[in-house]
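Residues per chain are reported as follows:
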Amino acid sequence: MTERYLATFFSHFGAVRFGRFLRERGLEHALMPVPRQVSSSCGTCVRFTAEALPPLPEGDLERLFRDAGGVYEELLSNL
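Since this is a predicted model, take the numbers as computed values, not measurements.

(A) Geometry of the pattern of salt bridges. With the rule as written, the count across this model stands at seven salt bridges. The salt bridge partner of R4 is D67, with a shortest N-O separation of 3.2 Å. Placement of the pair is R4 in strand β1 (residues 3-9) and D67 in strand β4 (residues 61-67), with a sequence separation of 63 residues. Here D67 falls in the buried class, since its relative accessible area comes to 5%.

Structure follows, in structure tokens:
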């Protein structure tokens with residue numbers, strides 16, 4: 001079953017680099033503004049879909065959520 005995920009980052013560059021990481025693995029993704037339900041600060045996040053969560057690269061990843069139609073379940077936090 002395909003799941004939707006949302007990843008936030010400490011920097012815009014981290015989001016762009018993660019998008020490249022997903023593209024290299026053939027995973028559908030989009031860079032977008034961070035939803036207000038997740039954070040009130042401005043920033044860029046990556047929404048992506050995957051059958052299984054890929055191994056996550058180390059770096060700027062701040063938080064990872066499962067996106068259930070606008071309801072965000074936090075799976076990982078590096079805060």
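(B) Molecular detail of the sheet that holds β4. Pairing within the open sheet is antiparallel, and its five strands lie in the order β2-β3-β1-β4-β5. At either end of the open sheet lies a strand with only one pairing partner, and these are β2 (29-33) and β5 (72-77). Each strand of the sheet is rotated relative to its neighbour by a mean of 25°, with strand direction disregarded. Strand direction decides the pairing type here: β1 and strand β3 (residues 44-50), joined by six bridges, are antiparallel. Following the sheet pairing, R4 is matched in β3 by T49.

(C) Expanded view of the side chain of T8. Structurally, T8 is set in strand β1. The exposure class of T8 is buried, given its relative accessible area of 3%. Not counting the four nearest positions on each side in its chain, T8 is found in contact with V34, V38, C45, D60, L61, E62, R63 and F65.

(D) Quick peek at the packing of aromatic side chains. Under the definition given, this model contains five aromatic pairs. Ring plane angle 25° and centroid distance 5.3 Å describe the contact between Y5 and F48, whose orientation is recorded as stacked. Here Y5, found in strand β1, pairs with F48, found in strand β3; they are 43 residues apart in sequence, far enough to count as distant. Side by side, Y5 and F48 carry an identical accessibility label, which is buried. Ring centres 5.7 Å apart and planes at 20° place the aromatic pair F18 and F21 in the stacked group. Placement of both F18 and F21 in helix α1 (residues 12-24) is noted, with a separation of three residues, approximately one turn of the helix. Classification of F18 as buried rests on a relative accessible area of 4%. For F21, a relative accessible area of 12% gives the class buried.

Cut-offs applied
- Residues numbered from 1 in each chain as written.
- Predicted model: local features only at pLDDT ≥ 70, side-chain atom pairs only at ≥ 80, totals over all residues.
- Heavy atoms only, no water.
- Salt bridge = Lys/Arg side-chain N within 4 Å of Asp/Glu carboxyl O.
- Helix = DSSP H or I, 4+ residues; strand = E, 2+ residues; numbered from the N terminus.
- Buried < 20%, exposed > 50% of the residue type's maximum accessible area, 1.4 Å probe, protein only.
- Pairing = 2+ DSSP bridges.
- Axes fitted to C-alpha atoms, helices over the stretch in contact; angles between N-to-C directions.
- Contact = heavy atoms within 4.5 Å.
- Phe/Tyr/Trp six-rings, centres within 6.5 Å; stacked < 30°, edge-to-face > 60°.

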